[in-house]
Amino acid sequence: MSRRKLAAIVALAAVAAAVLVIVRIWRDPAPAAAPAPGGGPSVLAARAGGGAARPGAAAGALPADPTELVAYLRGRFGKHIASRYVQMQMIEKLMRHFQGKSPDGWQAELLAVVRAAFPERYDEIAAMLGHRLDYEAWLGANEGRLRGLGERERREAMWEARKRLFGDAAEEIWASERKGQAVTDALAAIEGLPNATVGDRLAQYKESLVETHQENAETYLQDHRQEVLSRFLALDSVQRELGALPPAERSQALRDVRKGLGLDDAALGRWDTLDTERDRRWAVGQEYMAARAALGTRYAGAELETHLQELRSRYFGAEAATIADEEAGGFFRFAGPRKYGLN
Amino acid sequence: MKKLGYTLLALSASLAIGDGDAGAGAARTTYPVVFAHGMAGFNNILGYDYWGDDYGTFVGDPCDELFEVYCNGDIDSGQKAYVAQVQPFQTSEVRGLDLANDVEGFMATAGATRVNLVGHSQGGLDIRKAARVLYERRGYTVVSQAISISSPHRGSPVAKYILDLGPGVTSVINALASYFGDIIYQSGNDGVAGAKQLVYNDFSATDGVTTGMRAFNTQYPVDSRYATRYASLITAQDGLSVNPALYLLSKVFYDIDGDGYCLDDCDNDGAGGRGDGARSENDDDGLVGVNSQQMGYRLKYSENAFSLDTISTNTTLGYASSLNAPTSAQMTSASDVINQDHMDVIGVGPDTFDEMEFYAAIFQYIATYD
């Protein structure tokens, strides 16, 4: 028998033995959490446990039918496996699976399947698993301290830990959080601009969106136009200026904001209709509040309530009962602030 | 030798099946999905940290760009979704109206005629009010599917516990509400009003107002005029897997006994139903008991390791159409209770809960019925 043939046979025997071991583990897994009483699904979640994995850690037995599992991982994650965010998604999926199946030996099994699926990325992904576990341990150890910090200080402390543990990969893994935070920070800065018009604020907002999302800014806006629009209009500074404008100019200013954020003519038309309807609602609401106050000076108790019921029906029709319920709970919707473009 | 074995295995796997996209994801819903957050809300003003994975990627973001990775690959590339924003600390009367207004705006921008609403925690109460307001304003059923997650439809004992501690504690709640809410949101937070909302009965007979879930459920019921279909996902967890803050709450302050049955709040703990005498079990998610959470159909979440997770309807327990008088089984059954705490199902990490797949399964479920 040639040396090459011998090596091949030994290799195949080793694979077969490994598969047999795996089949045994698969068929007789470590006890999982008990099914929920009443025939519900088995307990699903398990937070990470155990020590941190390290690059080059011994890879344990593969699960049963590893070919299927490896194919699944390649199909689901292979196209973007170079992304550290995608690597993290895969790691957490595998953690969840293997921690439930083998609470004591999950890391070795996880690493074995990673090695089989992405051998060229094995060291990188194994290191990522280690960082992920270290980060979780750090969060657990610092949970009380973090809760005691202000929002900004907490954020800084978490980023310091992420950078220390994950290095440059932290920015890639938490890229979405960074972008969301950038928009939040931009809005806070825009809110604080002295002597700026709505147009000035909008220009800076659009600039910050492009800066944050760069070549994907248009797609981002397309998917999130309403979030982007409503968060801008919610700024006190924007509301102050809109509130100070005469109705026609306010209407135009709102249209300019919406158009500036990419709404098409059809959407602008729908908004014109809604703005008009909201103006009408508020006008009716103010009249109602005045009439209500007048009734309060003439009646009390059950008699007042009888008159109020009639008043609400006259002013609000189908919504009268809802408004009565709100008032019973102490909420008077027309006593609150008008927020242009929002309510 | 072991290394050689793995190499051969890897080689054979790669020969057998090449790289490519995984199986089909969730179907696109007919109407957009609007997400309604719970009390407090989110730090990131866009809300993607709340309705996202642990890394801030929004669960409703479709992968609609070439080489895009920060998206939910398990949903349809044309899926439409929106993150609503309401007053962080307020009653559901206030927040539900905020939500209705926000939905109206979204509909104008998107050109939608109807929507689906998904609410977490107090957001699950807000969606009921919004559904009614939208129906009354439009004259038709605007909301197709109304789905709550971990929502205290029959109150939370924790809210009453906090309020019962008196002025010192309630002033702290208000301070926190104002501080955290006002940082990034408009003023108008009222933490005490928000807490009173989550107590089953009217909290005070002398404050001149009617508060609590009992009255709210009468005013904003499960009603097919307001939403075509109501359904709920129910969470409970016990032990060290619980979020540390919730674990601390349950071990040091108050551990809910939330899986007993009676009409109304017969044990005066602040929530409908009563306990069964055993607190340290999977009968609450840290903030809400099992007996408070079912609205309409109870949904079953099935996690599948290597295919899309699924959500289906538990038909055995029936439709909880009367929120103040559910059946005994609807209040006490542990069937299809998801073993997660109150915060696991949103983007509070790190945990290994797969938010992307969980919400993809919700999209799929909605697409089946909307």
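Given the structure is predicted, the values throughout are model-derived calculations rather than measurements.

## Considering the overall build of chain B
Then, in step 1: When helices and strands are counted, chain B shows 10 helices and seven strands.
Then, in step 2: Taking all 370 residues of chain B together, the buried fraction comes to 64%.
Then, in step 3: In chain B, 72% of the contacts between residues at least 6 apart in sequence involve partners at least 24 apart.

## A few points about the packing of helix H13 (residues 247–260) of chain A against helix H14 (residues 265–298) of chain A
Residues and elements named next belong to chain A.
Then, in step 1: Running from N to C, H13 and H14 cross one another at 145°; their axes reach a closest spacing of 11 Å. Handedness of the crossing formed by H13 with H14: right-handed. Residues Ser 251, Leu 254, Arg 255, Arg 258 and Lys 259 of H13 form the contact with H14, whose participating residues are Leu 268, Trp 271 and Asp 275.
Then, in step 2: Classifying every residue of the contact of H13 with H14 by side-chain character gives three nonpolar, one polar and four charged.

## As for the nonpolar core
Then, in step 1: Formed by 73 residues in total, the largest nonpolar core has its most connected members in Val 34, Val 103, Leu 117, Ala 131 and Ile 362 of chain B.
Then, in step 2: Setting aside its immediate chain neighbours within four residues, Val 103 of chain B contacts Val 34, Ala 84, Val 115, Ala 130 and Leu 134 of chain B.
Then, in step 3: Counting residues in each nonpolar core, the second largest holds 39 residues, with Tyr 72, Met 90 and Leu 129 of chain A together with Tyr 70 of chain B among its members.

## A look at the confidence of the model for chain A
Residues and elements named next belong to chain A.
Then, in step 1: Averaged over all residues, the pLDDT of chain A equals 83, while 81% of them reach at least 70.
Then, in step 2: Of all secondary-structure elements in chain A, the lowest mean pLDDT belongs to helix H1 (residues 3–27), at 33, while H14 reaches the highest, 98.
Then, in step 3: Low pLDDT, under 50, characterises residues 1–62; the predicted model gives this stretch 112 contacts beyond four residues in sequence or across chains.

## Some thoughts on the sheet that holds strand E2 (residues 81–83) of chain B
Residues and elements named next belong to chain B.
Then, in step 1: Reading across from one edge, E2-E1-E3-E4-E5-E6-E7 is the order of the seven strands in this open sheet, with mixed pairing throughout. Strands with a single pairing partner mark the edges of an open sheet, and in this sheet they are E2 and strand E7 (310–314). The average undirected angle you get between the axes of adjacent strands in this sheet is 25°.
Then, in step 2: As defined by bridge partners, strand E3 (residues 115–120) adjoins strand E4 (residues 143–149) across five bridges and the pair is classed as parallel. Residue Val 118 lies in a different strand from E4, and its bridge partner there is Ile 147.
Then, in step 3: Where helix H2 (residues 92–110) meets the sheet, its contacts fall on strand E1 (33–36), E2 and E3, and the angle it forms with E1 comes to roughly 150°.

## Regarding the pairing of E3 of chain B
Residue and element names in this part refer to chain B.
Then, in step 1: The buried fraction of E3 amounts to six of the six residues, a majority that puts the element mostly inside the structure.
Then, in step 2: Both faces of E3 are covered, namely the face carrying Val 115, Leu 117 and Gly 119 and the face carrying Asn 116, Val 118 and His 120.
Then, in step 3: Relative to E3, E1 is paired through four bridges, and the arrangement is parallel. Across the sheet, the residue bridging to Ala 36 is Gly 119, located in E3.

## What about unusual backbone geometry?
Residues and elements named next belong to chain B.
Then, in step 1: Of note in this structure, Asn 268 is not a glycine but carries a positive phi near 55°.
Then, in step 2: Among the secondary structure elements, Asn 268 is positioned in the loop between helix H8 (244–253) and strand E6 (297–302).
Then, in step 3: When the 12 C-beta atoms within 10 Å are taken as the criterion, Asn 268 is described as exposed.
Then, in step 4: Phi is positive for Asp 336, close to 60°, though the residue is something other than glycine.
Then, in step 5: For Asp 336, the location among the structural elements is in the loop between helix H9 (328–332) and helix H10 (355–369).

Parameters at a glance
- Residues numbered from 1 in each chain as written.
- Chains lettered and ligands numbered in written order.
- Predicted model: local features only at pLDDT ≥ 70, side-chain atom pairs only at ≥ 80, totals over all residues.
- Helix = DSSP H or I, 4+ residues; strand = E, 2+ residues; numbered from the N terminus.
- Buried ≥ 20, exposed ≤ 12 C-beta atoms within 10 Å, placed from the backbone.
- Contact = placed C-beta atoms within 7 Å.
- Axes fitted to C-alpha atoms, helices over the stretch in contact; angles between N-to-C directions.
- Left-handed = near helix turned anticlockwise from the far one by under 90°.
- Nonpolar A, V, L, I, M, F, W, Y, C, P; charged D, E, K, R; others polar.
- Core = buried A, V, L, I, M, F, W, Y, C linked by C-beta atoms within 7 Å.
- pLDDT = per-residue confidence, 0-100.
- Pairing = 2+ DSSP bridges.

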